[in-house]
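Examining the three-dimensional arrangement
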Amino acid sequence: MSNQYEVEVVYRQRAIYRVDAEDRETAERLATQRWREGAQSVVPGFDWCELESVRASESPKPEQREQDAELVLRFLKERERLILRLGGDLFNPSMNDAISASQVAADLGWSRPATTGGPVPDIPRATEALEWLCRKRRVICFERPRVRAGERGEIRLYCTPEYLETLTADLDPMERQAV
C-alpha cells in the first residue's frame, strides 16, 4: 500500500530584461515590475530556474487536519477579539486586520525542519487548515497583490465572517453621515 505525500519544491528564477530608463534605479524598478508581471526574459538562454530543495512529508490524517482547523479558528477569533479590544481602529479597517497563513504558522509555533539552517514556519499546514475553514464558510478569504520588494503574485488573507461583519456594521453609520 502506498502513502500520500505532500512535496514542496523550492527554486530560484533568473530573467534578463532590457528597459529604457533615466537612471539605474529606475531601470531596476521597471525590470522588477516586468518580473512581477511574469514577463519572459528577452535574452535567449538566460531565462532559467534552479532547484534549491525538495521536501516530502507524509500527508496528515483527516482527524489531524480537523484538529488543526479548529485550533486555527479559535486562534483567529481570539486574535480578532484582541484587535477590537486593544485598539483596533474600527473606522479605518485595513487588510492588516486579516492574517496570512505564514503569520498563522509563526504565531501558533508550527514549524518543520528546513533543508538548511533551523526550523521554518509550517506554512503548508496553516494554509491547509485555513482553506478547509474557507470551504466550510467559517473563514473569509481574499487575495491582494504582494507589496514587499522582491515578491510577486498575490497573497491570500483570512478573517472570520463575524469580524468582517463587525467592521462593515461599524462603517455603515459613518458612511451615511458623510452623505
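We now turn to the structure provided with this report. (Residues numbered from 1 in each chain as written. Predicted model: local features only at pLDDT ≥ 70, side-chain atom pairs only at ≥ 80, totals over all residues. Heavy atoms only, no water.)

**Quick look at the sheet that holds strand β3 (residues 99-100)**
What the three strands build is an open sheet, ordered β3-β7-β6; its pairing is antiparallel. Only two strands of the sheet have a single neighbouring strand rather than two, namely β3 and β6 (140-145). With two bridges joining them, β3 and strand β7 (residues 154-159) adopt antiparallel strand pairing. From the neighbouring strand, I99 faces β7, where its bridge partner is Y158. Contacts between helix α4 (residues 123-135) and the sheet are confined to β6 and β7, with β7 contributing the most and set at about 60 degrees to the helix. (Pairing = 2+ DSSP bridges. Helix = DSSP H or I, 4+ residues; strand = E, 2+ residues; numbered from the N terminus. Contact = heavy atoms within 4.5 Å. Axes fitted to C-alpha atoms, helices over the stretch in contact; angles between N-to-C directions.)

**A word on the pattern of salt bridges**
Tallying each qualifying case throughout the model produces twelve salt bridges. Note that R12 is salt-bridged to E50, the shortest N-O span being 2.5 Å. Of the two residues, R12 sits in strand β1 (residues 5-14) while E50 sits in strand β2 (residues 48-58), which places them 38 residues apart along the sequence. A residue is classified by how much of its surface remains accessible, and R12, at 42% relative accessible area, is partly exposed. (Salt bridge = Lys/Arg side-chain N within 4 Å of Asp/Glu carboxyl O. Buried < 20%, exposed > 50% of the residue type's maximum accessible area, 1.4 Å probe, protein only.)

**Some remarks on the nonpolar core**
Generally speaking, nonpolar side chains in soluble globular proteins are found buried as a group. Ranked by internal contacts, the top residues of the largest apolar core, which has 18 residues, are V72, L76, V104, A126, L130, L133 and V139. Those elements that place two or more of their residues in this core are α2 (62-85), α3 (101-108) and α4. No other element matches the six residues that α4 contributes to this core. When sequence neighbours within four positions are dropped, the list of residues in contact with L130 reads V72, L76, A101, V104 and Y158. Among the nonpolar cores identified, the runner-up in size contains six residues, and I83, A98, I155 and L157 belong to it. (Core = buried A, V, L, I, M, F, W, Y, C linked by side-chain atoms within 4.5 Å.)

**So, the packing of α2 against α4**
Two elements in contact, α2 and α4, have axes whose closest approach is 8 Å; the angle formed by their N-to-C orientations is 80 degrees. One finds that α2 runs roughly perpendicular with respect to α4. Seen from α2, the contacting residues are Q64, R65, E66, D68, A69, E70, V72, L73 and L76; seen from α4, they are R125, E128, A129, L130, W132 and L133. Of the residues in the contact of α2 with α4, the class split is eight nonpolar, one polar and six charged. (Parallel < 35°, antiparallel > 145°, perpendicular 65-115°, else oblique. Nonpolar A, V, L, I, M, F, W, Y, C, P; charged D, E, K, R; others polar.)

**Considerations on a nonpolar patch on the surface**
Taken together, the side chains of Y5, V7, V9, Y11, L51 and V54 make up a nonpolar region of the molecular surface, amounting to roughly 610 Å² of accessible area. Mapped onto the nonpolar patch, the elements with two or more residues apiece are β1 and β2. When residues of the nonpolar patch are assigned to their parent elements, the largest contribution, four residues, is made by β1. If you trace the backbone, V54 turns up in strand β2. (Patch = residues over 30% accessible without salt bridge, like charges linked within 9 Å, V, L, I, M, F, W, Y side chains within 5 Å. Areas by Shrake-Rupley, 256 points an atom, 1.4 Å probe, with all protein chains shown as cover.)

**A look at helix α1 (residues 24-36)**
A rise of 1.5 Å per residue sets the reference length of α1, with its 13 residues, at 18 Å; its end C-alpha atoms lie 18 Å apart and thus fit the reference within 8%. Looking at where α1 begins, the residue whose side-chain oxygen comes 3.3 Å from the main-chain nitrogen of E25 is D23. Immediately beyond the C-terminal end of α1, within one or two residues, lies G38, with a positive phi of roughly 85 degrees. (Expected span 1.5 Å × (residues − 1). Polar contact = N/O pair within 3.5 Å; in protein donor to acceptor, adjacent residues only side chain to side chain.)

**Comments concerning the environment of A101**
Inspection of the secondary structure puts A101 in helix α3. Assessed through its relative accessible area of 7%, A101 is described here as buried. Non-local contacts of A101, meaning those with residues more than four positions away in its chain, are made with I123, A126, T127, L130, R156 and Y158.

**Brief notes about the packing of α2 against α3**
Where α2 meets α3, the axes come as close as 11 Å, and the angle between the chain directions of the two elements is 95 degrees. Here α2 lies roughly perpendicular to α3, going by the angle between them. In this structure, α2 contributes L71, V72 and F75 to the contact, and α3 contributes V104, D107 and L108. Classifying every residue of the contact of α2 with α3 by side-chain character gives five nonpolar, no polar and one charged.

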